[in-house]
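Architecture and fold: a report
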Amino acid sequence: MPKAKDVLGLAQDKKAVMVDLKFMDFLGLWQHFTIPIAELTEAVFEEGLGFDGSSIRGWMPIHASDMLVVPDTDTAIIDPFMKDTTLSLICNVVDPITKEPYSRDPRFIAQKAERYLKQSGIGDVAYFGPEIEFFIFDGVSYDSSVNHAHYHIESHEGQWETGHRSEKHFDGKTTVERPNLGYKPRYKEGYFPVAPVDSLQDIRTEMCRVMEQVGIQVERQHHEVATAGQAEIDIRFDSLTKTADKLMWYKYIIKNVAVRNGKTVTCMPKPLFGDNGSGMHTHQSIWKGSKPLFAGEGYAGLSEMALHYMGGVLKHARALAAICNPTTNSYKRLVPGFEAPVNLAYSSRNRSAAIRIPMYSPSPKAKRMEFRSPDPSCNPYLAFAAMLMAGLDGVENRIDPGEPLDKDIYGLSPEELKDIPKMPGSLEEALDCLKKDHEFLLKGDVFTSDVVEGWIETKVEKELNPVRLRPTPMEFALYFDI
């Protein structure tokens, strides 16, 4: 790990004039403030810099608002978007009185999960490889008030562009713009077409090149199943906290590249009705030294440990949903018929199962499980930590994952499906599951009771209730003339 002196040397070599200090809020967005390079001294890496924690969502009340950010020397990189050369550092959050890490800092929770894995003796490192899907739109508008509500998505790829638009020009002439529906991906047919149907190749490539500038190894990029610009860029796996750091850079990059191209990006799981939503299939495995511990002689080439790990994830999946699918919109995606894994089962190759064992390579190093239910609206530090804790609970208690389900789950009869547990159908149900099942998260003080209670309280008060209280346009269509 580089020392403070090395970071200061990097800043000098790159002629940085500013330093951007990034840290994670409770719900999943980066926050930041910036200082001149002269303010960054070796002492800052020990003592930190103060900020007002009461203004951060889900954090300290106003009477206990002072907090510190302490930069992590291992995260130093030049920010690719700042006009003036700016050194970026990801920070941990510390209480200024006790000098202890702040228990609601998501990055600290991720680091504690990695520490718990080592202390358990089960393994040295947990590798995570998320496949993040997102939409690239031309524009979006939305509003919700006392007497009106709307959202409107603009996309030149959208199949909904029908009818004619009239425009009156300054010379008094009226022209009619006819929509061009040629070369648009049909609903649920956006997977892998070449240009001109895939019109977003260049912007995805630009996103990949910027990711490589900040040290993210890109494995592939492509158009996803949904119309209207659904995209996927896959990155190389890494250890838990490092992958969460990279995922935050990933979101930062795709949004900023979109903006400089006159577009907008969303990781909202289900922005379009009637088309596929965006998931975050998460590959994971445990290693000890140079040995992959998920390879063995069991089902699909898995070890007994891997099967037990999957057993833990499946057992706690309904509680995990409150952290891995943490928005009301998440449950617009988690419905049958759109490839979302609602039924809690595991299988090799079968993408309709909540857990899949990829079979691309026979190599023991490639052996892993893929949890397909999470979506990209999650806070990655909390989501990865929670998944690891569920899996470790399975290993420690030798939880049997049951029999594999090597069929198309969506083709099963109601009789065949009735005994297969399902993901929650709403955020409210998921939070209730977390309330009842969170002891596995508290082991090793990785999550604390305060974190779990604070998460549930914030979600109910700031998201669930505001959505629940507001009428929607669809309700007017259904009920206005009742």
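One can find the structure itself at the top, above this paragraph.
In what follows, the accompanying structure is described.

What counts, and where the lines are drawn
- Residues numbered from 1 in each chain as written.
- Predicted model: local features only at pLDDT ≥ 70, side-chain atom pairs only at ≥ 80, totals over all residues.
- Heavy atoms only, no water.
- Helix = DSSP H or I, 4+ residues; strand = E, 2+ residues; numbered from the N terminus.
- Expected span 1.5 Å × (residues − 1).
- Bend = angle between axes of the 7 residues up to and from the residue.
- Buried < 20%, exposed > 50% of the residue type's maximum accessible area, 1.4 Å probe, protein only.
- Contact = heavy atoms within 4.5 Å.
- 1 Å grid on protein atoms, 1.4 Å probe; cavity = no way out; pocket = protein on both sides within 12 Å on 5 of 7 lines; lining within 4 Å.
- Points joined across faces, edges and corners; volume = space filled by probe spheres on them.
- Pairing = 2+ DSSP bridges.
- Nonpolar A, V, L, I, M, F, W, Y, C, P; charged D, E, K, R; others polar.
- Axes fitted to C-alpha atoms, helices over the stretch in contact; angles between N-to-C directions.
- Parallel < 35°, antiparallel > 145°, perpendicular 65-115°, else oblique.
- Left-handed = near helix turned anticlockwise from the far one by under 90°.
- Salt bridge = Lys/Arg side-chain N within 4 Å of Asp/Glu carboxyl O.

It is worth spelling out helix α13 (residues 449-469) at this point. In a regular helix each residue adds 1.5 Å, so 21 residues correspond to 30 Å; α13 covers 28 Å between its end C-alpha atoms and thus fits that length. Its maximal kink placed at V460, α13 deviates by approximately 40 degrees. Within α13, burial applies to V451, V452, G454, W455, I456, T458, K459, E463 and L464. Each element contacted by the buried residues of α13 is listed here: α3 (106-120), α7 (317-324), α9 (380-396), α11 (427-436) and α12 (439-442).

Cis peptide bonds are those with omega within 30 degrees of zero, and the linkage from A195 to P196 qualifies with 5 degrees. If you trace the backbone, P196 turns up in the loop between β11 (174-177) and α4 (201-213). Even without a glycine there, the phi angle at F192 is positive, about 75 degrees. Within the secondary structure, F192 is located in the loop between β11 and α4.

There is about 900 Å³ of room inside the second largest pocket. Lining the second largest pocket are 42 residues; nearest its centre among them are E131, E232, D234, H283 and R356. Elements with a contribution of two residues or more to the lining of the second largest pocket: β7 (125-137), β12 (218-223), β13 (230-235) and β16 (280-288). The greatest single-element share of the lining of the second largest pocket, amounting to six residues, is contributed by β7.

Consecutive side chains along a regular strand alternate between the two faces of the sheet. With respect to burial, strand β1 (residues 18-24) is a largely interior element, six of its seven residues being buried. In the sheet, β1 pairs with strand β6 (residues 86-94) via five bridges, with the strands oriented parallel. Following the sheet pairing, K22 is matched in β6 by I90. By the bridge criterion, seven bridges tie β1 to strand β2 (residues 30-36) in an arrangement that is antiparallel. Looking at β2, one finds that M18 is bridged to P36.

A word on empty space enclosed by the protein. Applying the stated criterion across every chain yields a total of one cavity of 30 Å³ or more. Taken as a whole, the largest cavity spans an internal volume of roughly 40 Å³. Along its surface, the largest cavity is lined by I323, L382, L434, F447, V451, V452 and W455. Counting residues per element, the lining of the largest cavity draws most heavily on α13, at three residues. Residues that form the lining of the largest cavity fall into these classes: seven nonpolar, no polar and no charged.

Right, let's talk about the packing of α7 against α9 for a bit. Following both chains from N to C, one finds α7 and α9 inclined at 165 degrees, their axes separated by 9 Å at the closest point. The orientation of α7 relative to α9 falls into the category roughly antiparallel. Here α7 and α9 pass one another in a crossing that is right-handed. Residue-level contacts link L320, I323 and C324 of α7 to L382, A383, A386, M387 and A390 of α9. Classifying every residue of the contact of α7 with α9 gives eight nonpolar, no polar and no charged.

On to the environment of P401, then. Inspection of the secondary structure puts P401 in the loop between α9 and α10 (414-417). Through-space distance from the C-alpha of P401 to that of L87 is 46 Å; in sequence the pair is 314 residues apart. Here P401 is in contact with L307, M310, G311, L314 and Y346, once residues within four sequence places are set aside.

If the charged atoms of two oppositely charged side chains come close together, the side chains can form a pair. Summed over all chains, the structure comprises 20 salt bridges. Its salt-bridge partner being R260, residue E206 comes within 2.8 Å of it at the nearest N-O pair. Of this pair, E206 sits in helix α4 while R260 sits in helix α5 (residues 240-260); the two residues are 54 residues apart in sequence, bridging distant segments of the chain. Classification of E206 by relative accessible area gives partly exposed; the value is 24%. As a salt-bridge pair, R468 and E428 come within 2.8 Å of each other at their nearest N and O atoms. Of the two residues, R468 is situated in helix α13 and E428 in helix α11; the sequence distance between them amounts to 40 residues. Put simply, D20, K22 and D79 are held in one network by salt bridges that share partners.

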